[in-house]
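Coordinate inspection notes
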Amino acid sequence: MKTGIDFYSESTTIRNTYKILPFQGLWSWLTGKDIPNRKSLWKSSSIEMICWSISWVVVGTLVIYFALNSELTLPVKIIIYLIGVLFSTSGARYIVATIIHQGVHGNLLSTQTRNKIICEILSTILITQSYSSYRQFHIYEHHGKDFSTIEDKDLAAIYKLGFTPGKSKKQLYLNLLLTLFSPYFHLSYLYGRIKSNLIGVPVYRFIMTITQFLFLGYLAWFIGIIPFVLFIIVPYVIVYQIASLLHLITEHVWLLRQKKETVRDSHINNSLGRFCGSPCPKSFALRYWLSWIIWAIKHLFYHLPVRMLVLQGSLICHDWHHRTSSIKEWYDYTVLREANAEKLAKEGKYDYIEFWGFHNCLNYVLTMISNAEPVEVSNLKYRLN
């Protein structure tokens, strides 16, 4: 297995092949890997990221509306609808897994009160975990001493869903496929989302949730059940939960912390960089045209959807986040991670573990789980968000 500087050298080599193309900022966003000392065209902010996430939802909704109400042929309408779902789900995941996530860390707005307000509003709309319970779990447990232990509710979720150490890799892949399309998984996940909005929440949050449910009920009555399923259930329940699981299972290695391993070492050893992309052809010469076509197809139909659905926002650099979770300029994640990576490489201390291509990261995680010693998984407390 590659370790240390080998990962950095390979990643840098792949990213450097993109220098043949214009718009390096775009490729830094898509891949998640930046170029050292690259000059950005403008200074980003948390507010900009909030606007981007919401705009994706708006764009997706408008595209879905167009697909369902246009006079185009059915195949064209299906393609347009799927594009709408891509943007709607991507926006929702962006809001939850990046915007609300940074909000509970206190990195989003200037005060904790403002962070709480926007997180409560957005999480109510999308029916995800409330601010207080998410903050308690995520900050004090997942980022604390419970990380990589049975008490870590994310790790518990992985094990309870059947991704347990000792199973063969074939069994784990089959379990993933069956889980992604399991009605039980989706219904239990949705039930958990609803329950987290009604049980153990402040009165104001309970009222907000009931108001949201009444609105959704009215919307279903007003537009009809089938349009409601296509507008709401497909992007914000089914595809959202598929993307959520794919992110969860690949963000960490999900092995129990060793007895002599410190909490910080565990965060470093079990957190993964997940870059989207593959090397560019060597030049634009005619003999490379077929290679460019294949490269473009991979990026358009695989790497880009993965980046938008599964690894949106700063999740693509989630390994860096587990080292520096209190950075207020988190929106510059590719720049800051690369600066840290370059520094560690020059010092000979490079210890990031990273992969190009989501499938390679997934294969690594399932291999590590398969090779680990079996674990007792009864009575685990877990959550999905």
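So, here's what we can say about the structure.

What counts, and at which threshold
Residues numbered from 1 in each chain as written. Predicted model: local features only at pLDDT ≥ 70, side-chain atom pairs only at ≥ 80, totals over all residues. Heavy atoms only, no water. Helix = DSSP H or I, 4+ residues; strand = E, 2+ residues; numbered from the N terminus. Expected span 1.5 Å × (residues − 1). Buried < 20%, exposed > 50% of the residue type's maximum accessible area, 1.4 Å probe, protein only. Arc of directions from axis to C-beta. Contact = heavy atoms within 4.5 Å. Core = buried A, V, L, I, M, F, W, Y, C linked by side-chain atoms within 4.5 Å. Patch = residues over 30% accessible without salt bridge, like charges linked within 9 Å, V, L, I, M, F, W, Y side chains within 5 Å. Areas by Shrake-Rupley, 256 points an atom, 1.4 Å probe, with all protein chains shown as cover. Salt bridge = Lys/Arg side-chain N within 4 Å of Asp/Glu carboxyl O. Phe/Tyr/Trp six-rings, centres within 6.5 Å; stacked < 30°, edge-to-face > 60°. Axes fitted to C-alpha atoms, helices over the stretch in contact; angles between N-to-C directions. Left-handed = near helix turned anticlockwise from the far one by under 90°. Disulfide = S-S within 2.5 Å. Polar contact = N/O pair within 3.5 Å; in protein donor to acceptor, adjacent residues only side chain to side chain. Parallel < 35°, antiparallel > 145°, perpendicular 65-115°, else oblique. Nonpolar A, V, L, I, M, F, W, Y, C, P; charged D, E, K, R; others polar.

**Observations regarding helix H15 (residues 333-347)**
Helix length check: H15 (15 residues) gives 21 Å between terminal C-alpha atoms against 21 Å at 1.5 Å per residue, within 8%. Three or more residues of H15 are buried, namely Tyr333, Thr334, Arg337, Glu338, Ala341, Glu342, Leu344 and Ala345. Down the axis of H15, the sector holding all buried residues measures 165°, keeping them to one side. Of the surrounding secondary structure, the elements contacted by the buried residues of H15 are helix H1 (5-16), helix H2 (24-31), strand E1 (273-275), helix H13 (289-309), helix H14 (318-321) and strand E2 (354-356).

**Details of the nonpolar core**
Counting residues in hydrophobic clusters, the biggest one holds 86 residues, and the most contacted among them are Ile99, Ile100, Phe163, Leu176, Leu272 and Tyr350. With 12 residues, the single largest contributor to this core is helix H11 (residues 225-251). Counting residues in each nonpolar core, the second largest holds 11 residues, with Ile14, Phe275, Trp292 and Trp295 among its members.

**Focus: the environment of Phe231**
Inspection of the secondary structure puts Phe231 in helix H11. On the basis of relative accessible area, Phe231 is assigned to the buried category, the value being 16%. Sequence spacing of Phe231 and Tyr81 is 150 residues, and the spatial spacing of their C-alpha atoms is 9.6 Å. Here Phe231 is in contact with Thr61, Ile64, Tyr65, Leu68, Ile223 and Tyr236, once residues within four sequence places are set aside.

**Thoughts on a nonpolar patch on the surface**
Taken together, the side chains of Leu290, Ile293, Ile294, Ile297, Leu300 and Phe301 define a hydrophobic patch exposed on the protein surface, amounting to about 640 Å² of accessible area. Inspection of the secondary structure assignment puts Ile297 in helix H13.

**Digging into the packing of aromatic side chains**
One pass over the full model with this rule turns up 16 aromatic pairs. Each ring, one from Phe284 and one from Trp292, has its centre 4.8 Å from the other, and the planes form 10°; the classification is stacked. Judged by relative accessible area, which is 11%, Trp292 ranks as buried. Here the aromatic rings of Trp292 and Trp295 are separated by 5.3 Å at their centres, their planes lie at 75°, and the arrangement is edge-to-face.

**Quick notes on the pattern of salt bridges**
Applying the stated criterion across every chain, the model contains nine salt bridges. Among the salt bridges present, the one from Glu120 reaches Arg205, with a minimum N-O distance of 2.4 Å. With Glu120 in helix H5 (residues 112-125) and Arg205 in helix H10 (residues 203-223), this residue pair connects regions lying 85 residues apart in the sequence. Like Glu120, the residue Arg205 is buried in the burial classification. Arg337 serves as the salt-bridge partner of Asp319, at 2.7 Å between the closest nitrogen and oxygen.

**As for the packing of H5 against H10**
The axes of two packed helices give the description: the angle between them and the distance between them. Put simply, H5 and H10 touch, their axes get as near as 9 Å, and they point 35° apart. H5 and H10 meet at a crossing whose hand is right-handed. For the pair formed by H5 and H10, the contact residues are Lys116, Glu120, Ile121, Ser123, Thr124 and Ile125 on the first element and Tyr204, Arg205, Met208, Thr209 and Gln212 on the second.

**Some remarks on the state of the cysteines**
Evaluation of the coordinates by the stated rule reveals zero disulfides. Left unpaired, Cys119 is separated from the closest cysteine sulfur, that of Cys51, by 15 Å. Cys280 takes part in no disulfide bond, and the closest cysteine sulfur to it belongs to Cys276, at a distance of 14 Å.

**Here's the deal with the side chain of Glu120**
The class for Glu120 is buried, based on a relative accessible area of 3%. The contacts of Glu120, once residues within four sequence positions are left out, are Ser130, Tyr131, Tyr204, Arg205 and Met208.

**Section: unusual backbone geometry**
Non-glycine residue Phe23 carries a positive phi angle of around 60°. Along the chain, Phe23 falls in the loop between H1 and H2. Residue Trp254 is not a glycine yet carries a positive backbone phi of 65°. Inspection of the secondary structure puts Trp254 in the loop between H11 and helix H12 (263-270).

**Here we look at the side chain of Asn107**
Among the secondary structure elements, Asn107 is positioned in the loop between helix H4 (74-104) and H5. Of note is the side chain of Asn107, whose polar atom sits 2.8 Å from the backbone oxygen of Ser325. Filtering out sequence-adjacent residues up to four positions away, Asn107 remains in contact with Ser46, Gln102, Asn115, Ser325, Ser326, Ile327, Lys328 and Trp330.

**Re the packing of H2 against H13**
H13 packs onto H2 with a crossing angle of 60° between their chain directions and a minimal axis gap of 10 Å. Viewed along their axes, H2 and H13 adopt a mutual orientation that is oblique. Judged by residue contacts, Trp27, Trp29 and Leu30 of H2 engage Trp295, His299, His303, Leu304, Arg307 and Met308 from H13. Considered class by class, the residues forming the contact of H2 with H13 number six nonpolar, two polar and one charged.

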